[in-house]
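# Inside the fold
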Amino acid sequence: MEKGKASEVPGGGIVYGETAYSKEKAPEVPIAGVIYGEIAYWIALLGILISIVGIAIYMKSGGYADKTCLLNQLWGGASVDAIWKGCAGVSKAPEGHWYLSKLSYGDGIAMLGIAVTCSAAVFGMWGGLFGVLRSKWGMYIVLALIVAIILTMSVAGLIVIKE
Amino acid sequence: MRLSKLSVAVLLAAMIFLFSSGIGYAAETADPSGMGLSPIAFFFVFVAICTAIGVIAVLGGVGGGVVFTPLMMGFTPINSFIIRATGLVVALAGSLIAARPFLRRGLANVKMLFFAALPYTIFAVVGALLAGYVETSAGDFGEALIRLILGFLVIFIAGLILFGGKKVEYPEVKKVDGFTQRLGLAMSYWEQSMDKVVHYKVRRAPLGTFLFCACGIVSGMFGVGAGWAMVPVFNLAMLAPLKVAAASSKVLIGIGDSGAVWPYIMRGGVFPLFAVACIVGVVIGTSIGARLMFTVKAQLIRWIVILVMIGAGVKLVIDGFNKL
């Protein structure tokens, strides 16, 4: 190709001299998605870091549930209730946000980290809702609001498995 | 950076080797009373295994949970309720970390996400509650049934991806129905591999709604991310481009499974020693896989997903029949 002369190339681009330029500009990225993604990412990461710190403490100084017993029971295929009964000395599996009262133990802190990670999308959805409101996406405001409410109810423990 | 098929195949082989050797090591060192590993060794073995799972999963455009749960249920003795609870946590964590670049690049369709999130989330929660009911009430029969259904579903979806779609990379949408048109789901994104903007439409939103309900039930009940089912729904039913379908399903897993995981946590089914190892591994693997995804061809991704799903599905069906 002659240097300095513009030519069409497959895929819609233009080659000008030795440098390729695209014909089209990248489309604008919706702000609601960006907000959701950023909030969810950072909170999830924070939760993972907390859970790693908790596990390190658990490995070093033990925890609410005995770790060797837990490992043996896990690999033995024991049920949830049997594991809690055998390794934490409780009559059945704890319900609700049990880790909040066990934050002096490594596994309590690790579970808090997991809980923070599992809540990341909830905060993200509320942030995403703000983005949808800014974009004035009519019906999507209602959809995002309903999803955010369902997720919040789930985290709050209002949706639970009953025996 | 464009990876050759050979380098991706080598990477995949290394990941599969890592997974099988990790499980093999754990099995060899097990004693009759337990696993025979110290808790710290167990932790690192599972970090390594789940790193491999994370890479494979994200390359296939599915959640870590969909690879994690069938493989763990098929090849370890751990209680299936705990595996499914952990599978949801794993799928969730992997999705939340991987979602960011998809959303920043506009690859995931945000309108389609919020539209699909409602049926998916509601039914994922229902699925989690059903799983709890089976765990507390149905005993061994329930366990066998869960393995059988999950196994057949995994094989079915693998078959759907294998035989069900032509032109799936960029499906042609000729006519958009009125409902989908009113939703305004058409969008565009920058396709790096072609150096151009891809404008796309989707259709059949009502059918998509119904199918997302089914995906939610499956995800919540079986502790899988359901990206394996949602990619075909976005791609084959609604005719979104394959990369958009994969990215959107990845983000959607993070939203819907957040609702489904909490009933499992509230039931005490998540144990940090197991779950943190799996989260850390999958997040590392997902980060590696997400970087590779933009440079790997969609056709190759499909084959990775198909092979992993068929292997795990067959094992689960065999286990299910044995337990009946």
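One can find the structure itself at the top, above this paragraph.
Before going into details, it helps to say that this report is about the structure given with it. (Residues numbered from 1 in each chain as written. Chains lettered and ligands numbered in written order. Predicted model: local features only at pLDDT ≥ 70, side-chain atom pairs only at ≥ 80, totals over all residues. Heavy atoms only, no water.)

## Topic: the overall build of chain B
Filter applied, for reference: Helix numbering and strand numbering both begin at the N terminus, where a helix is a DSSP run of H or I of at least 4 residues and a strand a DSSP run of E of at least 2. In this description, contact between two residues means that some pair of their heavy atoms is separated by no more than 4.5 Å. Note on areas: Shrake-Rupley with a 1.4 Å probe; residue coverage comes only from the protein chains shown.
A tally of regular secondary structure across chain B gives twelve helices and two strands. Going residue by residue from the N terminus, the α and β elements of chain B occur as α-α-α-α-α-α-α-β-β-α-α-α-α-α. Intrachain contacts of chain B at a sequence separation of at least 6 include 81% that bridge at least 24 residues. A total of about 11000 Å² of accessible surface is found on chain B, and carbon and sulfur atoms cover 68% of it.

## A word on the state of the cysteines
Where we set the bar: Note that a disulfide, as used here, is simply two cysteine sulfur atoms within 2.5 Å. Throughout, exposure labels follow a simple rule: accessible area from a 1.4 Å probe, protein chains only, divided by the maximum for the residue type, with under 20% read as buried, over 50% as exposed, and the rest as partly exposed.
Counting across every chain of the model gives one disulfide over all chains. For C69 of chain A, the disulfide goes to C87 of chain A, at an S-S distance of 2.1 Å. Residues C69 of chain A and C87 of chain A are joined through a disulfide that is left-handed, its torsion about the S-S bond being -80°. Placement of the pair is C69 of chain A in helix 2 (residues 67–75) and C87 of chain A in helix 3 (residues 80–88), with a sequence separation of 18 residues. Of the two residues, C69 of chain A and C87 of chain A, neither departs from the other in class, the shared state being buried. No disulfide involves C50 of chain B; its nearest neighbouring cysteine sulfur is the one of C278 of chain B, lying 3.7 Å away. Judged by its relative accessible area of 0%, C50 of chain B is buried.

## Re the interface of chain A and chain B
One widely used convention gives an interface's size as the accessible area the parts lose upon coming together. We count it as follows: Put simply, buried area is the surface a 1.4 Å probe can reach on two separate parts but cannot reach once they are joined, added for both. Salt bridge, as applied in this entry: a Lys or Arg side-chain nitrogen positioned within 4 Å of an Asp or Glu carboxyl oxygen.
Across the boundary between the two partners, chain A contributes 77 residues, which contact 78 residues of chain B. Buried area between chain A and chain B, both sides added, is near 6500 Å², and the carbon and sulfur share of it is 78%. Joining chain A to chain B, the criterion identifies three salt bridges. Note that R267 of chain B and D81 of chain A form a salt bridge whose closest N and O atoms lie 3.2 Å from each other.

It is worth stressing that arrangement in space is one thing and function is another; only the former is reported here.
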